[in-house]
Every structure is written in structure tokens, then in C-alpha cells.
Amino acid sequence: MGATLEIRNLHARVEGEDIEILRGVNLTIKKGETHALMGPNGSGKSTLANVLMGNPAYEVTEGEILFEGQDVLDMEPDERSRLGMFLAFQYPVSIPGVTVANFLRHAINARMKAQDPESKGISIPEFRRLMKAKMDMLHMDHSFAGRYLNDGFSGGEKKRAEILQMAVLEPSLAILDETDSGLDIDALRIVSEGVQALKGPDLAVLVITHYQRILNYIKPDYVHVMFQGQIVESGGADLALKLEENGYDWVREKYAVPAE
Ligand code: ADP
Ligand code: MG
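Quick summary incoming for the structure in this document. Each chain has its residues counted from 1, running along the sequence as written. Ligands are numbered from 1 and chains lettered from A, in the order in which they are written. Given that the model is predicted, a residue must reach a pLDDT of at least 70 before its local features are reported, and side-chain atom pairs must reach 80 or more before they are shown or counted; all residues, however, enter totals for whole chains, interfaces and linings. To obtain the side-chain values, all non-hydrogen atoms of the structure were included, while hydrogens and water were left out.

### Let's talk about helix 6 (residues 185-198)
Link 1 in the chain: The helix count covers DSSP runs of H or I at least four residues long, the strand count covers runs of E at least two residues long, and both are numbered beginning at the N terminus. To estimate the expected span of a helix, subtract one from its residue number and multiply by 1.5 Å. In this model helix 6 runs 20 Å from its N-terminal to its C-terminal C-alpha over 14 residues, within 8% of the 20 Å that 1.5 Å per residue would give.
Link 2 in the chain: Partly exposed describes any residue whose relative accessible area lies between the buried limit of under 20% and the exposed limit of over 50%, with all areas from a 1.4 Å probe on protein chains only and scaled to the type maximum. What helix 6 keeps buried is the set Ala187, Leu188, Ile190, Val191, Ser192, Gly194, Val195 and Leu198.
Link 3 in the chain: If you follow the buried residues of helix 6, they end up packed against helix 4 (124-137), helix 5 (155-169), strand 7 (173-177) and strand 8 (204-208). For this analysis, residues touch if any pair of their heavy atoms sits within 4.5 Å.

### Description of the sheet that holds strand 6 (residues 85-88)
Strands in a sheet are paired, the pairing made by backbone hydrogen bonds, and the direction either parallel or antiparallel.
Link 1 in the chain: Between any two strands, pairing holds if DSSP finds at least two bridges. Sheet architecture is open: six strands sit in the order 6-7-8-3-9-10, paired in mixed fashion. Two strands in the sheet have a free side with no partner beyond their single neighbour: strand 6 and strand 10 (230-235). Along the sheet, successive strands turn relative to each other by an average axial angle of 20°, direction set aside.
Link 2 in the chain: In the sheet, strand 7 pairs with strand 8 via five bridges, with the strands oriented parallel. Pairing of Leu176 across the sheet is with Val207, part of strand 8. Each axis is a line fitted through C-alpha atoms, taken for helices only over the stretch in contact, and angles between the N-to-C directions span 0 to 180 degrees.

### Overview of the packing of aromatic side chains
Link 1 in the chain: Think of it this way: a Phe, Tyr or Trp ring, Trp meaning its six-membered ring, pairs with another when their centres are within 6.5 Å, and the plane angle makes it stacked under 30 degrees, edge-to-face over 60, tilted otherwise. Scanning the model with the defined rule gives one aromatic pair in all.
Link 2 in the chain: Ring plane angle 35° and centroid distance 5.4 Å describe the contact between Phe144 and Phe153, whose orientation is recorded as tilted. Phe153 carries the same exposure label as Phe144, and that label is buried.

### Observations concerning the pairing of strand 1 (residues 3-14)
Link 1 in the chain: Strand direction decides the pairing type here: strand 1 and strand 2 (residues 20-30), joined by eight bridges, are antiparallel. Counted as the bridge partner of Leu10 is Val25 from strand 2.
Link 2 in the chain: Pairing analysis gives eight bridges linking strand 1 to strand 4 (residues 58-67), with the strands arranged antiparallel. Bridge pairing links Arg13 to Glu59 in strand 4.

The analysis is restricted to geometry; functional conclusions fall outside its scope.
Listed below in C-alpha cells is the structure:
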């Protein structure tokens, strides 16, 4: 079976700067699998998420990113998103005056028009049905759809909006990058329960996290450790437990390249 995501020997740097942040990343994620990417702060985890979604702040200097067999390196972020890649942003923006429902309907319509320029978009009744079904699946109160997006949202509500967006857009790859400070318990629960509810044979998930905590809820099939821009260790869920117990010191000792 083909891989959802295949990253081969990926090298990247901040656009216009000399220092490489990603130094040869290899990672394959198949349909239905959940992978966790862990690692000390500054190891390049968020950079990888950004590069995957095509953030122009970063420049790929070598290697490949294949999404469902297609090379996405020359694609704009919105094109990648229309293909089915979804990145839950670490710091979502707020859009005053736009409700959660409007925002989501716009996102769906943009995707439909991209696939078929003749498309008139989703009808209002159809959209209402879809929203309700997804909100029920995520145990969300329907009033949430009428709130202004991220305007005065708590951390937990921002995560809720993000997960709802993911549910409605039905991506085939979800990348979740968690803040290094960690989510509060409420937000953590929302994210994990949401992902758990959306997991299925067609969804590949990449959870990026510094801490093991979220992995108590989102059970990964594979765990990878990133250090200095490379994936240095890969294993099963037990690798996350080892990191929880022993921290990252052993990773640093084993893989640190001495300064010249
Ligand atoms: P992680 O998410 O694992 O904590 P990051 O990907 O955020 O790591 O950062 C990896 C390294 O790259 C850090 O040293 C960070 O300072 C640097 N870096 C990342 N993005 C930028 C940027 N836009 N400009 C300058 N340095 C950056
Ligand atoms: Mg990060």
C-alpha cells in the first residue's frame, strides 16, 4: 500500500540564511498510522511541520516530500491543503467578525472551487447538516459555530476550533504541532479526544510534541526522536515512555556533534 507521506533526505534552512535546520530527515507515514515526533527544544520539529505545509520562511535545499505519491515541494500551502494535508497551527490567528461557521464554509467552498471551477460550493442546509454531524461527533455545543473565530477564545476553545476545522475538511494527513510549554489539561483533552474520534483507516497523523503527556491519549504506532535536525531514534510507544522517564540527556550524549 502506498504511503500517505514520504520524506526523503530533507534538508532545509531559514530562507536567506546559511545555517541548516533540517539535516537529512527521513520519515514514511502510511495510511491509518499515527506517528509521534518528539525531541528537545530547538531540534527542528516545528520547522519540519512548517516545511511540510510549505511555509515560505523556509527553503528546502535538498530532498523530497511526497504526499500520496505526488511531489509537493513546488506547491503553495493552499494547494497542499486542498490535496488533503492539514496543519493545526501552534498559534492560530483570530479573525474578528468572522464566525466559526462562516470560516469553515469558506474553507469548504474554496476547496470545492479549486477542484471544480464550476462548483457553486456547499449549500447552506447541507453545510448545516455537516457541521452538526461533526460537532456531535466531537461532543461540541452547537452554539460554538456562531462564535467569532478565535476572538477572545481560551486556549481550549482555539484547539476546539482547530479540531472542528480538521473534522470538516477531512484531511488524509493531520499534522499537530504542540507548543513547547505544553497545553493545559482542558486543551490537551480536547485535542486528544478529537483526534481519537477522527482517527480511521484513511487518516495519517503526525503528532509533534516535546512531552510524552499527550501520547497517553493519542496512542502512537511509532515514535521518532528528532535531534539537531535529524531523526535519530525510532521505535514503538515504549520509546515515548523511555523519554518520559529519562528525559533527553541520553539522546544528547549519544548524538551530539562536538563543536569544532
Ligand atoms: P523545535 O520545534 O524542535 O523546538 P524549531 O524547529 O522551532 O525546533 O527550531 C529549530 C532551530 O531552528 C532553533 O535553533 C530555532 O531557533 C531555529 N529556527 C527555526 N525557525 C527559525 C526562523 N524562522 N528564524 C530563525 N531561526 C529559526
Ligand atoms: Mg516547536
